[in-house]
Amino acid sequence: MNILLTNDDGIFAPGLRALLEELRQIGEVTVVAPAAEQSAVGHSITLMQPLLVQEVFDEHNQRIGWGVEGRPADCVKLAITQLLPKRPVLVVSGINAGSNAGINVLYSGTVAAAIEGAFFGITSIAVSLEYKKPPKLNFPRAAVYGRQMVERFVAQKPAPGELFNVNIPALDDGPPLGIRVSAQGTAPYDEKYDRRTDPRGRTYFWIASDVTCPPDAGESDVRDLAQRYITVTPLHFNLTDPQRLEKMKSWPWPPLVQPPA
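What comes next is a walk through the structure. Sequence order sets the numbering: in each chain, residues are counted from 1 along the sequence as written. Side-chain atom pairs in this predicted model are given and counted only at pLDDT of 80 or more, local residue features only at pLDDT of at least 70, and totals for whole chains, interfaces and linings cover all residues. Side-chain metrics rest on all non-hydrogen atoms present in the structure, leaving aside hydrogens and water.

**Side note on the sheet that holds strand β2 (residues 28–34)**
Stage number 1. A pair of strands counts as paired when DSSP detects no fewer than two bridges linking them. To qualify as a helix, a DSSP run of H or I must reach at least 4 residues; to qualify as a strand, a run of E must reach at least 2; elements of each kind are numbered from the N terminus. Spatial strand order, β3-β4-β2-β1-β5-β6-β7-β11-β8: nine strands in an open sheet with mixed pairing. The two strands at the open ends of the sheet, each matched to only one other strand, are β3 (53–57) and β8 (179–181). On average, adjacent strands in this sheet sit at an angle of 25° to one another, irrespective of strand direction.
Stage number 2. Direction of pairing for β2 relative to strand β4 (residues 63–68): parallel, over a ladder of four bridges. Throughout, an axis means a line fitted to C-alpha atoms (over the contacting stretch in the case of helices), and angles, computed between N-to-C directions, take values from 0 to 180 degrees.

In structure tokens, the structure reads:
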């Protein structure tokens, strides 16, 4: 099984390295990842500058993969259309340093890379590890859970292009309590900004690092992750609201008034 592994934390990120070792147990893995950290870039792509690509090696001079001077979505596009000798059967993005639950899915470069894989009709999985302050991210242990989740998805023979978001709870307090299939939470984040003044007297703002998302009243990935379960959320990238679509078709739509020539 050919697997494309990517992320948004960069090709040297420990989460990617740990997951690479685990995924090699179940398939042939090719890494194409950003050369530098690209957290929270969402699904942006590079248009106005070239995408520099180079092979990257670890401290033992063993090849890791391709480092791309671009966004996570760029990496997946280049991998599938240019760099890989044959099309992967699976795209895995992660392990991200920090959860991607709730509306954070919309900001996440990790999830965006998986969405890009789904665009190409490839089963794609985003994997993230929650952290708490001070962060103690045990990526090797998390990668074991990540590999097991990938194996479970593969065993179910998902349709081409199916997309999944996996969040692993912080492991400081012990192993996860189990697995829950959860809806994406929609509660807004509790966001705060530090207001500061630079040496020239200009005001600037820095988003606080302790941004939190309160659990939804109902079932959600945010709530289940807080209860220390691995959460699995099936996603799709069609943003059309089907109910409003049908309702709006019956609206009166008067002819347009043409502007003067």
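Further notes follow.
**Quick look at the packing of helix α2 (residues 72–83) against helix α3 (residues 109–119)**
Stage number 1. As a packed pair, α2 and α3 sit with axes 8 Å apart at the nearest point and diverge in direction by 25°. In this view, α2 runs roughly parallel relative to α3, as classed from their interaxial angle. Between α2 and α3 lies a crossing of right-handed hand. Residues Pro72, Ala73, Val76 and Lys77 of α2 pack against Gly109, Ala113, Glu116 and Gly117 of α3.
Stage number 2. Three classes are used: nonpolar for Ala, Val, Leu, Ile, Met, Phe, Trp, Tyr, Cys and Pro, charged for Asp, Glu, Lys and Arg, and polar for all others, with Gly counted as polar. Grouping the amino acids of the contact of α2 with α3 by side-chain chemistry returns four nonpolar, two polar and two charged. The scheme is simple: roughly parallel for angles under 35 degrees, roughly antiparallel for over 145, roughly perpendicular for 65 to 115, oblique for anything else. Crossing handedness is read from the near helix: turned anticlockwise from the far helix by less than a right angle, it gives a left-handed crossing, and turned clockwise, a right-handed one. A contact between two residues is defined here by any heavy atoms of the two lying within 4.5 Å.

**Quick look at the layout of surface pockets**
Stage number 1. Every definition here rests on a 1 Å grid over the protein atoms only: cavities are sets of points where a 1.4 Å probe fits but cannot get out, pockets are open sets enclosed by protein on both sides within 12 Å along at least five of seven lines, and lining residues have some atom within 4 Å of a point. Grid points are joined across faces, edges and corners, and a volume is the space filled by probe spheres set on the points. The space that makes up the second largest pocket amounts to roughly 360 Å³.
Stage number 2. Together, 16 residues line the second largest pocket, and Val105, Leu106, Ile115, His236 and Leu239 are the ones closest to its centre.
Stage number 3. Of all elements in the fold, only α3 and β11 (230–235) reach the threshold of two or more residues within the lining of the second largest pocket.

**Thoughts on helix α4 (residues 139–155)**
Stage number 1. With 17 residues, α4 should cover 24 Å at 1.5 Å per step; its first-to-last C-alpha distance of 24 Å lies within 8% of that length.
Stage number 2. Buried means the residue's accessible area, taken with a 1.4 Å probe over protein chains only, is under 20% of the maximum for its type, while exposed means over 50%, and partly exposed covers the values in between. Of all the residues in α4, the buried ones are Phe139, Ala142, Ala143, Tyr145, Gly146, Arg147, Met149, Val150 and Phe153.
Stage number 3. Looking at the packing, one finds that the buried side of α4 touches α1 (14–23), β5 (90–97), β6 (123–129), β7 (163–168), β8 and β11.
Stage number 4. N or O atoms within 3.5 Å of each other form a polar contact, as long as, within protein, one can give a hydrogen and the other can take it, and as long as residues adjacent in sequence are counted only when both atoms are side-chain atoms. The residue sitting at the N-terminus of α4 and contributing the capping side-chain oxygen is Asn138; that oxygen lies 3.1 Å from the backbone nitrogen of Arg141.
Stage number 5. Directly beyond the C-terminal end of α4, a positive phi value near 50° is found at Lys157. A helix's residues, less one, multiplied by 1.5 Å, set its expected span.

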